[in-house]
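# Coordinate inspection notes
Now for the letters of each chain:
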Amino acid sequence: MSEQATPLWEVFIRARNGMSHRHAGSVHAADAEMALQAARDVYTRRGEGLSIWVVPSAAIVANDPDEKGEMFEPTASKIYRHPTFYELPDEVANM
Amino acid sequence: MMKDQALFTYCMRLADDSAIISQRLSEWCGHASHLEEDIALTNVALDHIGHARELYTYAGQIEGKGRDENALCFHRVEREFANLLLVEQPNDDFAYAIMRQFLFSAFMHPFWEAMKASKDEQLAGLAAKAEKEAAYHLRHSAEWVIRLGDGTEESHNRITDALEFLWMYTGEMFECDEVVSSLVAKGVAVDPMSIKHLWVETVNSVLTRANLERPAQSWMQTGGRGGEHSEHLGHILSPMQYLQRSFPQAQW
């Protein structure tokens, strides 16, 4: 299948109510409806999902890996941003 | 003579339909156009295997001679199979497989929907599950019919060939012999004529969207329910039954 006829789509699956969609993988498909079906057939065969998003891979804007110094390194030294200085109540399940 | 010969025959017909179309779909495993469709077709095959297993098991219980699902599926010969001729037609190309599935699922979806009201609890229970699966089979095959019909000249020609070849096998789905009519009268079976308008509606609307012309021919093939099959069935049964015939009682 040519890349032009069946472009790539990124698949996001939400496993349960209250959770967020997570990236599951990608599929090739001719259009949005077929991408949705392909995602269902490939990534939810074992009851993995209750909701599917598909997004054209070409629509995803990614950072340049060469910029990772300025993008991500500055956070490494800021330990006070991590919420590790207090205890979470058990009732807060999915932080 | 068993207590309910008609119900046994009816369940065996439905079981054979599911087993044979499942075997046809399984032939695509490792051969479909791309990975996504390979899995999609075998998912559909697995749904049909599930229906076949429940129906064979139930038929074996009705018969009461100790035959289980394996005995009924793998230790019967061609002439004993009562599936529709439509489901045994070969995978000449992807368009044939898609059109066969579409014409069948466009019937099976309203069929299972109606079967949910059956007075037979086993059949009604299976219908509740099968109806959702059939809805997806129909959606998947219909979307492909539309894309092949409304796609390139090549895809249009291939799906047109498939439609014209398979059309004569669609009449059998609506046959109503004594087995069916006696069970319809008891509120157990689905009267196929009662859902024909739904099948016609689905087929017409999808063919229109696919830029395909509904074949004009009205002559229909028949014989599958009575065990008179096309030459293809024997070639389906031989790989399908090989293992159980070589190693009877083999367990997964």
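Structure shown above.
Residues numbered from 1 in each chain as written. Chains lettered and ligands numbered in written order. Predicted model: local features only at pLDDT ≥ 70, side-chain atom pairs only at ≥ 80, totals over all residues. Heavy atoms only, no water.

### Observations regarding the nonpolar core
All names here are of chain B.
- Grouped together as the largest cluster of nonpolar side chains are 94 residues, with contacts concentrated most on Tyr 10, Met 99, Phe 102, Phe 111, Trp 112 and Val 145.
- Here the element with the most residues in this core is helix H5 (residues 94-115); it accounts for 15 residues.
- Other than its neighbours up to four places away in sequence, Tyr 10 contacts Phe 111, Met 115, Leu 123, Val 179, Val 180, Leu 183, Ala 189 and Val 190. (Core = buried A, V, L, I, M, F, W, Y, C linked by side-chain atoms within 4.5 Å. Buried < 20%, exposed > 50% of the residue type's maximum accessible area, 1.4 Å probe, protein only. Helix = DSSP H or I, 4+ residues; strand = E, 2+ residues; numbered from the N terminus. Contact = heavy atoms within 4.5 Å.)

### Considering empty space enclosed by the protein
- In the structure shown here, the tally under the stated rule is two cavities of 30 Å³ or more.
- In this model, the largest cavity occupies a volume close to 120 Å³.
- Around the largest cavity, the lining is made up of 15 residues, and of these Ala 29 and Met 34 of chain A together with His 34, Glu 37 and Trp 144 of chain B lie nearest the centre.
- Of all the elements in the fold, those that place two or more residues in the lining of the largest cavity are helix H1 (32-43) of chain A together with helix H2 (35-63) and helix H6 (121-149) of chain B.
- Counting residues per element, the lining of the largest cavity draws most heavily on H1 of chain A, which supplies four residues.
- Tallied by class, residues from the lining of the largest cavity come to seven nonpolar, five polar and three charged.
- By volume, the second largest cavity is sized at about 50 Å³. (1 Å grid on protein atoms, 1.4 Å probe; cavity = no way out; pocket = protein on both sides within 12 Å on 5 of 7 lines; lining within 4 Å. Points joined across faces, edges and corners; volume = space filled by probe spheres on them. Nonpolar A, V, L, I, M, F, W, Y, C, P; charged D, E, K, R; others polar.)

### A few points about the packing of aromatic side chains
Residue and element names in this part refer to chain B.
- Under the defined criterion, the tally for this structure stands at nine aromatic pairs over all chains.
- A centroid spacing of 5.8 Å and a plane angle of 50° characterise the contact between Tyr 96 and Phe 165, whose relative ring orientation is tilted. Of the two residues, Tyr 96 is situated in helix H5 and Phe 165 in helix H7 (residues 153-166); the sequence distance between them amounts to 69 residues.
- Ring geometry for Phe 174 versus Trp 199: centroids 5.2 Å apart, planes at 65°, classification edge-to-face. Remark: Trp 199 occurs in helix H9 (residues 196-209) and Phe 174 occurs in the loop between H7 and helix H8 (178-185); sequence separation between them is 25 residues.
- A relative accessible area of 8% places Phe 174 in the buried class. (Phe/Tyr/Trp six-rings, centres within 6.5 Å; stacked < 30°, edge-to-face > 60°.)

### Considerations on a nonpolar patch on the surface
- On the surface, a nonpolar cluster with roughly 690 Å² of combined accessible area is contributed by Ile 79, Tyr 80, Phe 85, Tyr 86, Leu 88 and Val 92 of chain A.
- The topology assignment puts Phe 85 of chain A in the segment after helix H2 (68-72). (Patch = residues over 30% accessible without salt bridge, like charges linked within 9 Å, V, L, I, M, F, W, Y side chains within 5 Å. Areas by Shrake-Rupley, 256 points an atom, 1.4 Å probe, with all protein chains shown as cover. Salt bridge = Lys/Arg side-chain N within 4 Å of Asp/Glu carboxyl O.)

### Considerations on the interface of chain B and chain A
- Between chain B and chain A, the contact holds 14 residues from the first and 13 residues from the second.
- Carbon and sulfur atoms supply 54% of the area buried between chain B and chain A, which totals about 1,300 Å² over both sides.
- Together, Glu 36, Tyr 136 and Arg 147 of chain B form the three largest contributors to the area buried by chain B at its contact with chain A, with a combined 43%.
- Viewed at the interface, chain A and chain B are joined by two salt bridges.
- Linking chain B with chain A are eight residue pairs in polar contact (both at pLDDT 80 or more), by the criterion used here.
- Listed by contribution, the elements that provide at least two residues to the side of chain B that touches chain A are H2 and H6 of chain B.
- Broken down by class, the residue content of the side of chain B that touches chain A amounts to six nonpolar, four polar and four charged. (Buried area = accessible area lost by both parts, 1.4 Å probe. Polar contact = N/O pair within 3.5 Å; in protein donor to acceptor, adjacent residues only side chain to side chain.)

### Details of a negative patch on the surface
- A contiguous patch of negative charge, built from Asp 64, Asp 66, Glu 67 and Glu 70 of chain A, is present on the exposed surface.
- Within the secondary structure, Glu 70 of chain A is located in helix H2. (Lys, Arg positive; Asp, Glu negative; His and termini not counted. Charge placed at Lys NZ, Arg CZ, Asp CG, Glu CD.)

### Observations regarding H1 of chain A
- With twelve residues, H1 of chain A extends 16 Å between its outermost C-alpha atoms, agreeing within 8% with the 16 Å of an ideal straight helix rising 1.5 Å per residue.
- Where H1 of chain A is concerned, the buried positions are Met 34, Ala 35, Gln 37, Ala 38, Ala 39, Asp 41 and Val 42 of chain A.
- Residues of H1 of chain A that are buried in the fold lie against strand S1 (8-14), strand S2 (22-28) and strand S3 (51-56) of chain A together with H2 and H6 of chain B.
- The opening residue of H1 of chain A, the one whose side-chain oxygen lies 3.4 Å from the backbone nitrogen of Glu 33 of chain A, is Asp 31 of chain A. (Expected span 1.5 Å × (residues − 1).)

### Topic: the side chain of Arg 24 of chain B
- In this structure, Arg 24 of chain B sits in helix H1 (residues 5-26).
- When neighbours within four sequence positions are excluded, Arg 24 of chain B is seen to be in contact with Val 87, Glu 88, Gln 89, Pro 90, Asn 91, Arg 100, His 232 and Ile 236 of chain B.

### Considerations on the pattern of salt bridges
- Tallied over the full model, the rule gives 15 salt bridges over all chains.
- The residue Arg 67 of chain B makes a salt bridge to Glu 63 of chain B at a minimum N-O spacing of 2.7 Å.
- Beyond isolated ion pairs, a larger network of salt bridges with shared partners links Asp 31 of chain A together with Glu 143 and Arg 147 of chain B.

Note that every value here comes from positions in space, so none of it alone points to a role or purpose.
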